[in-house]
Amino acid sequence: MNAEESVELEQLMFVEEPMRGDGPRVHPAWLPPEAFRSLGARRILLHGEGLLVDTVLDEVSRACARYGGRMWHSPSWDVDVDLVLALRDAAELPNPSVEAARAAGEAALAELGDGGSLGDEGFVLARAGDVTAVLADAPAGLLYGLFHVVRLCAAAFDPARPPERHRPALRRRMLNHWDNVAVHPVMGQVERGYAGGSIFWRDGRPRGDLARVREYGRLLASCGVNAISVNNVNVARTEALLLTERLGDVAEIADALRPYGIRVHLAVSFAAPVVLGGLPTADPRDETVRAWWAATTRRVYDRIPDFGGYLVKADSEGQPGPFTYGRDHADGANLLAEALAPHGGVVHWRAFVYNHQQDWRDRSTDRARAAYDHFVPLDGRFRTNVVVQVKFGPVDFQTREPVSPVLAAMPATRLAVELQVTQEYTGQQRHVCHLGPWWSEVLRFAPWGPGGRTIADVVTGEAAAGGGLVAVANVGDDVFWTGHPLAQANLYTFGRLAWDPRRDPTAILDEWITLTFPPSATADAELVRRTLHEIMDDSWRTYERYTAPLGVGFMVNPGDHYGPNVDGYEYTRWGTYHFADRDGVGVDRSRASGTGFAGQYPPYWAQVYESPESCPDELLLFFHHVPYGHVLRSGSTVIQHIYDTHFAGVEEVTAMRRRWQALTGMIDPSVYERVAERLDEQVRCATEWRDQINTYFFRASGVPDERGRDIH
Ligand code: GCW
């Protein structure tokens, strides 16, 4: 290439970063410009074409414009580069060093791979001479490869770096937004949302800020999420219309997210043929109903060709479903699956089905049993494009629950696990509660016994045909996206665990810290890192300590679910009881004398959970009703454990706040202030929890604290 050509190419290819006015409108979360410094200072060749390759092009050119690197897109220049990002089937280049890097990538793949295919989203990274090569079979793989290079920083260019191959373990890595289009009179704009309004909808209309939606897509792609549903699973009148009249609003979101490899799904009402189609019935066996879903779904795909599919909450908490017509959940799910199948779509059918009109005195009905009782008999009847979406625990996203036994009981069904990134029961993004360790515990749980297959294996499935991982999103139109800036880490961690459910959550948190607080722009990066680990690593266990004890759950204020209220749900219809009285506390779910829920597990755990002697302490009150003097495996009595953990929990939160103060002046002041405010609230609320719980159980049991601390 001669000098003139070079100048021309530079004008053509070297894209200036667009001006951003007075700086970012919202916090950049884990993608601040500084995180791109190492990449942006390099010479980079991008080779391949496609919508997502253009996204890579845009990322790389912006980084280079900011940090002085250079970028070329394809053809045939003979230039010295540090990094090649190439599609494997892109034509050869007459550039020896680039071709050598590609060859090294191919060789690495042959060595590491099983048959050489990287799939739609995988990539390989290898070094040849002074060049790093990232190769992918498809554009999405290149985008994921690019973000991997960003995460690695300088390490991506380390000559000694061995080759590595990455492919997501799970095909679908999905977020469910419980966003309402029209403001719900009780639940507001976002049901269980703790980060302001919706980024998609406002007061019955699209919010109209597609730039923000694009930014969101970028954040999600960088942590590996590839699917979202854009409306609440409780589908009211306005939201139902997204399927038909207001499909254009969904298409706009899909257009904004497509460049990031994210497919859009829609929560639909099972009664749609009646409420939208004017039919007299929504019976899944009715021919006109089937025809209505087929025609409606065809129109969806005409408008959004890569539409992901439907998400359904049926016969649950007042939502319509197949029971109205004497049909079961397989009939219902298969109806929608049949309509989606010709277009390659899936239906996510939620297993969150239980009797929400329970009588507290009726001890034979057990909400924990419900999903299993409804769904397990249907195993084998669901079409292959149905994914049964199961909440990770048998009750409802509590701080501690056993893993749902449904996940071990439907071998002939594609199962997804549903997590809750939005912190409904874990501090509502006013408390620091880093959930990675909890999710990791769930994913590593071996329901058939230690050493056996895990929940991660179940959701991965044979040949990656499992149902994947889903989570309820925690994002809103808040300037920090998630209300509490440190709650961004939960979103990031969810994406990374969905990519690889076996990863160590502490390592993921470390990645998040490095990206969010880049060492190159942080005065004392090690202090920041250490402090964040000290505050966040164990924060879920801290939260557990000062809230409901030993797996008993709830004890929250009814309605908003924030703050302590020991008997708040005790005599209600929701099936979430603790049965505390003067003698003891907990729910007997044994086979011998209780609801029999323990018997829903495969033999190993059925036996462990059956007896209070072998049941793990942290789940004792989930499975057993025991006297306050019952001695735990730890050696402490139940009552003393309650006192000790509640005092300890508050001390830990106080220490968190003190540690945070060490970061004054070290990080973005707006982040510092927001976190500091919320830590004050966390200390206040944890103290309230401690006092409510300790006082309640002291009065009920009459047993004083061994250590004579203040109990009111
Ligand atoms: O935890 C409960 C929430 C409801 C939610 C429901 C569900 C969307 O309190 O707000 O409704 O779970 O998962 O469907």
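Structure first, text after, so check above.
As the structure is a prediction and not an experimental result, all values here were calculated from the model. (Residues numbered from 1 in each chain as written. Predicted model: local features only at pLDDT ≥ 70, side-chain atom pairs only at ≥ 80, totals over all residues. Heavy atoms only, no water.)

*Asks:* Explain the site of the ligand here, please?
*Replies:* The environment of the ligand is formed by 15 residues, the closest being Glu-191, Lys-313, Arg-350, Lys-391 and Glu-424. Taking 340 Å² as the accessible area of the ligand by itself, protein coverage stands at 97%. For the shell around the ligand, the residue count by class is 4 nonpolar, 3 polar and 8 charged. (Near = heavy atom within 4 Å. Areas by Shrake-Rupley, 256 points an atom, 1.4 Å probe, with all protein chains shown as cover. Nonpolar A, V, L, I, M, F, W, Y, C, P; charged D, E, K, R; others polar.)

*Asks:* Quick question: what am I supposed to make of the sheet that holds strand β14 (residues 309-312) here?
*Replies:* Sheet strands associate in pairs through backbone hydrogen bonding, adopting either a parallel or an antiparallel arrangement. Reading around the circumference, β7-β12-β13-β14-β15-β16-β17-β18 is the order of the 8 strands in this closed barrel, with parallel pairing throughout. Taking each pair of neighbouring strands and ignoring which way they run, the sheet shows an average axis angle of 25°. Two elements, strand β12 (residues 227-229) and strand β13 (residues 263-267), share 3 bridges in a ladder whose sense is parallel. When the bridges of β13 are listed, Ala-227 appears paired with Arg-263. Helix-sheet contacts for helix α8 (residues 247-257) involve β12 and β13, and the interaxial angle to β13 is about 150°. (Pairing = 2+ DSSP bridges. Helix = DSSP H or I, 4+ residues; strand = E, 2+ residues; numbered from the N terminus. Axes fitted to C-alpha atoms, helices over the stretch in contact; angles between N-to-C directions. Contact = heavy atoms within 4.5 Å.)

*Asks:* I tried to follow the environment of Phe-445 on my own but got confused; where do I start?
*Replies:* By the element assignment, Phe-445 lies in the loop between α13 (436-444) and α14 (455-460). With 22 residues separating them along the chain, Phe-445 and Gln-423 place their C-alpha atoms 22 Å apart. Apart from residues lying up to four places away in sequence, Phe-445 is in contact with Val-403, Arg-453, Thr-454, Ile-455, Trp-605 and Tyr-609.

*Asks:* I tried to follow the pattern of salt bridges on my own but got confused; where do I start?
*Replies:* Between side chains of opposite charge, pairing is possible as soon as their charged atoms come close. Under the defined criterion, the tally for this structure stands at 52 salt bridges. Close ionic contact of Arg-207 with Asp-477 constitutes a salt bridge, the shortest N to O distance being 3.8 Å. Here the residue Arg-207 occupies a position in the loop between β11 (205-206) and α6 (210-223), and Asp-477 occupies one in the loop between β18 (469-472) and α15 (488-499), the gap between them amounting to 270 residues. Exposure remark for Asp-477: the relative accessible area of 23% places this residue in the partly exposed category. Between Asp-255 and Arg-258 there is a salt bridge, and its shortest N-O distance comes to 2.8 Å. Its relative accessible area of 43% is what places Asp-255 among the partly exposed residues. Each of Arg-400, Glu-441, Asp-538, Arg-541, Glu-544, Arg-545 and Glu-652 takes part in one network of salt bridges that share partners. (Salt bridge = Lys/Arg side-chain N within 4 Å of Asp/Glu carboxyl O. Buried < 20%, exposed > 50% of the residue type's maximum accessible area, 1.4 Å probe, protein only.)

*Asks:* Would you take a moment to explain the nonpolar core for this structure?
*Replies:* Within soluble globular proteins, side chains that are nonpolar tend to cluster in buried spots. Trp-293 and Trp-660 are the most contacted members of the largest nonpolar core, which totals 208 residues. In terms of residue count, the dominant contributor to this core is helix α22 (residues 669-701) (11 residues). Those residues within four positions of Trp-293 in sequence are excluded, and the remaining contacts are Leu-243, Val-268, Ser-269, Phe-270, Ala-272, Pro-273, Tyr-310, Leu-335, Leu-336 and Ala-339. Core analysis: the second largest hydrophobic core is formed by 19 residues, Trp-72, Val-84, Ala-108 and Leu-118 among them. (Core = buried A, V, L, I, M, F, W, Y, C linked by side-chain atoms within 4.5 Å.)

*Asks:* What's the story with helix α4 (residues 96-112) in this structure? I'm lost.
*Replies:* A rise of 1.5 Å per residue sets the reference length of α4, with its 17 residues, at 24 Å; its end C-alpha atoms lie 24 Å apart and thus fit the reference within 8%. Of the residues making up α4, those classed as buried are Val-98, Glu-99, Ala-101, Arg-102, Gly-105, Ala-108 and Leu-109. Where α4 is buried, its residues touch β1 (43-47), β3 (83-87), β4 (123-128), β5 (131-136) and β6 (164-166). Between a side-chain oxygen at the N-terminus of α4 and the backbone nitrogen of Ser-97 the separation is 3.2 Å; the capping residue is Asn-95. (Expected span 1.5 Å × (residues − 1). Polar contact = N/O pair within 3.5 Å; in protein donor to acceptor, adjacent residues only side chain to side chain.)

*Asks:* Sorry if this is basic, but what is going on with the sheet that holds β3 here?
*Replies:* What the 6 strands build is an open sheet, ordered β2-β1-β3-β5-β4-β6; its pairing is mixed. Two strands in the sheet have a free side with no partner beyond their single neighbour: β2 (70-73) and β6. Pairwise comparison of adjacent strand axes, ignoring direction, gives a mean angle of 15° for this sheet.

*Asks:* Before we go on, may I ask you to explain unusual backbone geometry in this structure?
*Replies:* It is generally the case that most residues other than glycine have a negative phi and that most peptide bonds are trans. The phi dihedral of Gln-429 is positive, around 60°, even though this residue is not glycine. Position of Gln-429 relative to the elements: it lies in the loop between β17 (414-420) and α13. For Gln-429, a relative accessible area of 0% corresponds to the buried category. Positive phi, normally seen in glycine, also occurs at Met-555, with a value near 60°. Along the chain, Met-555 falls in the loop between α18 (539-546) and β19 (584-585).

*Asks:* Teacher, can you tell me more about the environment of Gln-189 here?
*Replies:* With respect to the secondary-structure elements, Gln-189 resides in strand β9 (residues 188-190). Sequence spacing of Gln-189 and Asp-179 is 10 residues, and the spatial spacing of their C-alpha atoms is 6.2 Å. A polar side-chain atom of Gln-189 sits 2.6 Å from the main-chain carbonyl oxygen of Asn-180. A distance of 3.0 Å separates a polar atom in the side chain of Gln-189 from the backbone nitrogen of Asp-203.

*Asks:* I'm lost on the side chain of Lys-313 in this one. Help?
*Replies:* As for its position among the elements, Lys-313 is in the loop between β14 and α11 (329-340). Judged by its relative accessible area of 5%, Lys-313 is buried. Polar side-chain contacts of Lys-313 include one of 2.7 Å to the side chain of Asn-234. A polar atom in the side chain of Lys-313 sits 2.8 Å from the side chain of Glu-317. The residues touching Lys-313, leaving out its near neighbours within four places in the chain, are Val-233, Asn-234, Gln-319, Pro-320 and Arg-350.

*Asks:* Explain the packing of helix α17 (residues 525-536) against helix α21 (residues 638-661) to me, please; I cannot follow it from the model alone.
*Replies:* Two numbers describe a pair of packed helices, the interaxial angle and the distance between the axes. For the pair α17 and α21, interaxial distance at closest approach is 9 Å and the crossing angle is 165°. One element, α17, and the other, α21, form an angle in the roughly antiparallel class. Handedness of the crossing formed by α17 with α21: left-handed. In contact with Thr-531, Leu-532, Glu-534 and Ile-535 of α17, α21 contributes Met-656, Arg-659 and Trp-660. Partitioned by chemical class, the residues of the contact of α17 with α21 number 4 nonpolar, 1 polar and 2 charged. (Parallel < 35°, antiparallel > 145°, perpendicular 65-115°, else oblique. Left-handed = near helix turned anticlockwise from the far one by under 90°.)

*Asks:* Sorry, what's going on with α13 here?
*Replies:* Residue pairs spaced three or four apart in an α-helix point in one direction, given the helix's 3.6 residues per turn. Extensive coverage of α13 is indicated by the burial of 7 of its 9 residues. Those residues of α13 that sit buried are Gly-436, Pro-437, Trp-438, Trp-439, Ser-440, Val-442 and Leu-443. The inward-facing, buried residues of α13 abut β17, α14, β18, α15, α16 (505-516) and α18.

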